[in-house]
Protein chains: 2
Amino acid sequence: MRAYLLGLQARIMDALDAIEAEAACAGQKGAKSIIDPWSKAPGELLQGDGITRIIEGGQVFERAGCGFSHVRGPRLPPSATQHRPELAGAPFEAMGVSLVFHPRNPYVPTVHMNVRMIAARPPDQGPGAPAHCWFGGGMDLTPYYGFLEDVQHFHRCCRDALQPFGADKYPRFKQWCDEYFFLKHRSEQRGVGGVFYDDFSELGFEQSLAMTQSVGDAFLKAYLPIVEKRQATPFGERERDFQIYRRGRYVEFNLVWDRGTHFGLQSGGRTESILLSMPPLVAWAYQRADAVDSPEAELTQRFLVRRDWLSEVG
Amino acid sequence: MRAYLLGLQARIMDALDAIEAEAACAGQKGAKSIIDPWSKAPGELLQGDGITRIIEGGQVFERAGCGFSHVRGPRLPPSATQHRPELAGAPFEAMGVSLVFHPRNPYVPTVHMNVRMIAARPPDQGPGAPAHCWFGGGMDLTPYYGFLEDVQHFHRCCRDALQPFGADKYPRFKQWCDEYFFLKHRSEQRGVGGVFYDDFSELGFEQSLAMTQSVGDAFLKAYLPIVEKRQATPFGERERDFQIYRRGRYVEFNLVWDRGTHFGLQSGGRTESILLSMPPLVAWAYQRADAVDSPEAELTQRFLVRRDWLSEVG
C-alpha cells in the first residue's frame, strides 16, 4: 500500500506539473512546485514520515496540494474506535494520500480526493496476532459555475471505479458523500459530491485494498478532462469575486466540520500539511445575494443539492 | 443590561461610521454600512432578536462587524454548565455585544471585543426562584506589524477599566486572555492579548455587571487612538500580502478553537452574524518564511508571545 500511495501521489502531481509547464507562457511568472519530504522527530507521540507536494501560483492551479503520510502511534484515538471497541487503545499504523486542488479559473471546479488505510493490532493479544485493517477514501467536486455534463462525467468515473466491487457501492458511497460534505450551519452541500467511504473492510483485505486503489486510480480520469475543457473559458471580475467568496464555504467546512482536519489540528498533526486544503485567496461578505436566475444563484439552487446525477438527462 | 448593550453597539458603530465619513474622498466608492435587525422565527429552538451592524468596503475598515443579540432557550447547553451542575438543563437567557474589526491598512491592528450576560433559573425550583446570573467579556488586539506603544496603550486601558473592581482582575484576565487566544496547532498566540473572563459572578450581580460595562465602555478609548495613529501610514504590496496571509490565523483560531463560534455554528445560531468575525480577504500559502530581522518575522518572535507588556520599558 505504501508503494502504491507514493506512486499515486507522484503520478497525480507529475500530471499537474506537466499541465503547468504547458500553460506557462514566456515572460510570465511560473508556478512554484514544491516537493517536501518530512519526518516526525523522535520523541513525538506520532512517529512516521511523509511527502508534501504543492503547486502555488500556477497558471492553471492557484494552489494544489497533495500529501502522502505514513504514521504509527501507540494508541488509536477514541474517534477511530467507536465502531471497534475491541481495538480501543490499540497501537496503530495509518497511511494515505489526500489532495485538494484550487484552480485559478472559476469555471474549473475545486476537487478533493483521499485514499487511506488503517491497521491496528488488538492490545490484549500478542505481537503475533493478526492486524485488523480497514480502508477509507473517496473524491468529490466543488464547482463555482455548474455544468451538468461535468458533474455526470465525474460521477460516472466514480461509479465505474466501484462497479467491479459490487453494484451497491456507488449508490451507498454517493449518499455517504452527500451526507458527509454538508455544511449544517448553511444547510448547503459543499459541492456536487462524488463518493466517500470510511471504516471499510467488508470485502476482506485484498478486495477492500483493490477497491481503494481503483478509486485512487480513477482520480485523474475523473478530474483532468474537466480541467482541460474549462481552463481556457474567459472570465472577469464577476466570476473571480464569486469564486473567492464561495471558497469561504470550503474553509468553513474543512475547519468546522471535517473530522480529519479538526482531529489532525487538535492532536498535533503537521499543520502545514493538513492545511494544504485551504484556498490561496478567500473572501467573506455579509449576506451576499445573487440575482434570481443568475449563474451564481443557479449554483446553490441547482447544483449544491442532493441529486441523482447519473439518472438525469441534461 | 439590554439597554446598555444596545447603546454600546450604537456608540461604537456610529463612531466607525463617522471615521468612514471623514475618510471618504470625493469620487471614491464609499463604505457600505448595514444595520440589520433580525429575530428568530417562532418555532425555532432559540427565541430572541438582535441587531447586526457591519461596515464593508470602507477606506479605514475593510470589514467591521458588531452584533447585538438577546436569546432565550429552554435548556442551557452542557458546555455552559460544566462548572454549574445545579443548572444543567435550566431555561436561560443570554445577551451580548460582540465585535471584530478588520482594518484595511496593515499597520492598524485587528481587534475583538465582547461583553455578555447569561441568566438561568434552576429547573427544580418554581418560576419565582431567583435567577443565577454570570458575566463574560474582554477585548484583545491582533497586530500585523507590532508597535510596543500601541500594545501598552491597549493593555493600559484594559487595566484601568478593571482597576476599580480589584487590582487582581487585570493580571488574572490578562493571563486568561493569553491562554484562551492561543493557536495550539501553531504554538502561537493569536495576537498581543488584552483581557478575557468568563463565568464571572464573584463580585455579586451589581458589581459584576458594573465591571462588564466598564470593559465595554473602555473599548473605544483603547482602540480608536491606535487607528488614528496608524491609519495613514503608507504601505505597499509587501505589507498587504503579509496582512492577508496573517488573517488566515484569525480564521483558523475562530473556526477551529473558538468555543463561541464553534458552538454557535453547530447549534443553529445565526450563521451570518456569527461569521462577522471572518476577514474580508484572506490568503494561505505553504510554509511562508520571513527573513530573520524583518518586521514580519519580528511579529511572531516579539509580539505573538506571552509578555508582561505593562512592566516593559519600550
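Residues numbered from 1 in each chain as written. Chains lettered and ligands numbered in written order. Predicted model: local features only at pLDDT ≥ 70, side-chain atom pairs only at ≥ 80, totals over all residues.

Visitor: So, the overall build of chain A: which residues are in play, and what are the values?
Guide: Secondary structure summary: chain A contains eight helices and ten strands in total. Here the C-alpha coordinates of chain A stretch approximately 65 × 45 × 40 Å along the principal axes. Looking at chain A as a whole, 43% of its 314 residues qualify as buried. A separation of at least 24 residues holds for 69% of the contacts in chain A among residues at least 6 apart in sequence. (Helix = DSSP H or I, 4+ residues; strand = E, 2+ residues; numbered from the N terminus. Buried ≥ 20, exposed ≤ 12 C-beta atoms within 10 Å, placed from the backbone. Contact = placed C-beta atoms within 7 Å.)

Visitor: Describe the pairing of strand E2 (residues 47-56) of chain B, listing the residues and the values that go with them.
Guide: Residues and elements named next belong to chain B. Here eight bridges tie strand E1 (residues 32-39) to E2, and the two strands are oriented antiparallel to one another. The residue of E2 that forms the bridge with Lys32 is Glu56. Two strands pair when backbone bridges link them, and E2 and strand E3 (residues 61-73) are joined in this way by ten bridges, in the antiparallel orientation. Bridge pairing in E3 places Thr52 opposite Gly67. (Pairing = 2+ DSSP bridges.)

Visitor: How would you summarise the confidence of the model for chain A if you had to cite specific residues and measurements?
Guide: Mean pLDDT for chain A: 93, with 98% of residues reaching 70 or above. Interface confidence for the predicted complex, given as ipTM, is 0.93, next to a pTM of 0.95. (pLDDT = per-residue confidence, 0-100.)

Visitor: Lay out the interface of chain A and chain B with the relevant residues and their values.
Guide: The partner chain B presents 25 residues to the 25 residues of chain A that form the contact. Sorting the residues of the side of chain A that touches chain B by element identifies strand E2 (47-56), helix H5 (237-257), helix H6 (259-266), helix H7 (271-274) and strand E10 (281-283) of chain A as the ones contributing at least two each. The biggest single contributor to the side of chain A that touches chain B is H5(A), with five residues. Residue classes in the side of chain A that touches chain B are distributed as 16 nonpolar, five polar and four charged. (Nonpolar A, V, L, I, M, F, W, Y, C, P; charged D, E, K, R; others polar.)

Visitor: Give a description of the environment of B:Gly146 that names residues and reports values.
Guide: The topology assignment puts B:Gly146 in the loop between strand E6 (132-142) and helix H2 (148-162). Taking the C-alpha atoms as reference points, B:Gly146 and B:Glu298, separated by 152 residues in sequence, lie 7.7 Å from one another.

Visitor: Explain the relation of the copies chain A and chain B to me, using residue names and the numbers behind them.
Guide: The two copies are related by a screw operation: chain A maps onto chain B through 180 degrees of rotation and 0.0 Å of translation along the axis, at an RMSD of 0.0 Å. Both chain copies can therefore be described as sitting about a two-fold axis. When the interface residues of chain A are mapped onto chain B, 100% of them are again interface residues, pointing to one common binding face. (Least-squares fit on C-alpha atoms with pLDDT ≥ 70 in both.)

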